[in-house]
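Structure assessment
The lines below spell out each chain.
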Amino acid sequence: MAENDLLIEVPARAENVALLRVSVAAFAGGLPFTLPEIEELKVAVSEAATNCVLHAYEPASPGRIELRAHHRDGRLLVEVRDRGRGIADVAQARQAAYTTSSDPEHLGLGFSFMEQFTDELEVASAPGEGTTVRLHKRPRG
Amino acid sequence: MQLEHEVVDGRLVVRVAGELDLRGAETFRREVDEWVALTGARRVVVNLRRVTFIDSTGLGALLGRQRRLLAMGGSLAVVRPAAPARVLFDAAGLGAVLPVFPTEEKALA
């Protein structure tokens, strides 16, 4: 199957989360994913993009979300990147139910769902240098 | 996302269609809280049959409404989304914390 790649950059705003996950779902149609696998991918991308909107930038200085995807050798890689404040302790942030949000309705399950719905999750981040999340997924069939 | 509501036998029924993500969840929270205040209903059924996508922010909004209603002496029941939006809903094990029904009729029975 031919290689392909995708690059999208959008303002980190709530209304763009759907645009990103639907774009990745369409892009993933180039690989033999099942519909439930595509849904899993949409949830993982949605969680990554939502984190950028909620946590990456100060309200006074909004930034952007960069999304890259490529498929090669039958596997898909999706990279979701922000240039925001970054995460000091990535291991802590990845723990289930951990959140820095003061809103009790933010469950802190974003990374758990990214992990659960992909084959591999990588998180690279440092304070002041933004965060890059890499989601790897391969069709199970 | 579209929302409609109706009071049935003193219970507030909220029907949700579309995507319950970060943007949808903000609207959902605001509207449901307002309808609860306006109708005085404390028992709420949220019908998710026509929801096409749900993520952790959608789940958070559901659990947040449940918390508010329980604090008022009320309750929240949910009608399970149709596939494919069910992926996360089932994986999250929501049935353990929320009463989940297959149909609106059963939720209201």
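Residues numbered from 1 in each chain as written. Chains lettered and ligands numbered in written order. Predicted model: local features only at pLDDT ≥ 70, side-chain atom pairs only at ≥ 80, totals over all residues. Heavy atoms only, no water.

1. Quick word on the overall build of chain B
Just so we agree on the cut-off: Where helices and strands are cited, they refer to DSSP runs of H or I of at least four residues and of E of at least two residues respectively, numbered from the N terminus. A radius of gyration in this sense is built from C-alpha atoms; the matching globule rule multiplies 2.2 Å by the number of residues raised to 0.38.
If you tally the helices and strands in chain B, you get 4 helices and 5 strands. For chain B, the succession of helices and strands along the chain, N to C, is β-β-α-β-α-β-α-β-α. The globule rule puts the C-alpha radius of gyration for 109 residues at 13 Å, and the 12 Å found for chain B is close to it. Each principal axis of the C-alpha atoms in chain B carries an extent, and together these give about 35 × 30 × 25 Å.

2. A word on the confidence of the model for chain A
For clarity, the cut-off: pLDDT is a residue-level measure of predictor confidence that goes from 0 to 100.
Per-residue pLDDT for chain A has a mean of 93; in total, 99% of the residues score no lower than 70. The lowest-confidence element of chain A is helix α3 (residues 90-93) of chain A, averaging 89 in pLDDT; the highest-confidence one is strand β5 (residues 131-137) of chain A, averaging 98.

3. Some details on the pattern of salt bridges
Selection criterion: When a carboxyl oxygen of Asp or Glu is within 4 Å of a side-chain nitrogen of Lys or Arg, the pair counts as a salt bridge.
Scanning the model with the defined rule gives 24 salt bridges over all chains in all. In this structure, a network of salt bridges that share partners links the residues A:Asp103, A:Glu105, B:Arg29, B:Asp33, B:Arg65 and B:Arg68.

4. Here's the deal with the layout of surface pockets
To be explicit about the condition: The way it works is a 1 Å grid over only the protein atoms, where trapped points that fit a 1.4 Å probe form a cavity and open points with protein on both sides within 12 Å along at least five of seven lines form a pocket, and then any residue with an atom within 4 Å of a point lines it. Grid points are joined across faces, edges and corners, and a volume is the space filled by probe spheres set on the points. Gly counts as polar in this scheme, as do all residues outside two lists: the nonpolar Ala, Val, Leu, Ile, Met, Phe, Trp, Tyr, Cys and Pro, and the charged Asp, Glu, Lys and Arg.
By volume, the largest pocket amounts to about 600 Å³. Around the largest pocket, the lining is made up of 31 residues, and of these A:Asn51, A:His55, A:Ile87, A:Thr100 and A:Phe111 lie nearest the centre. Looking at the lining of the largest pocket, the elements that each hand over two or more residues are α2 (35-56), β3 (75-82), α3, α4 (110-116) and β5 of chain A together with α2 (56-71) of chain B. By residue number, the principal contributor to the lining of the largest pocket is α2(A), which donates 8 residues. Classifying every residue of the lining of the largest pocket gives 13 nonpolar, 13 polar and 5 charged.

5. Quick look at the nonpolar core
Just so we agree on the cut-off: Buried Ala, Val, Leu, Ile, Met, Phe, Trp, Tyr and Cys residues that are joined via side-chain atoms within 4.5 Å together make up what is termed a nonpolar core. Think of it in three bands: with a 1.4 Å probe and only protein chains considered, a residue is buried below 20% of the maximum accessible area for its type, exposed above 50%, and partly exposed in between. Contacts: residue pairs with any heavy atoms within 4.5 Å of one another.
Within the largest apolar cluster, 39 residues are counted, with the highest numbers of intra-cluster contacts made by A:Ile65, A:Leu67 and A:Val78. With 9 residues, α2(A) is the largest single contributor of residues to this core. Sequence-distant contacts of A:Leu67, defined by excluding residues within four places in its chain, comprise A:Leu6, A:Leu7, A:Ile8, A:Leu20, A:Val24, A:Val45, A:Val78, A:Glu79 and A:Val80. Core analysis: the second largest hydrophobic core is formed by 33 residues, B:Val16, B:Ala25, B:Val51 and B:Phe53 among them.

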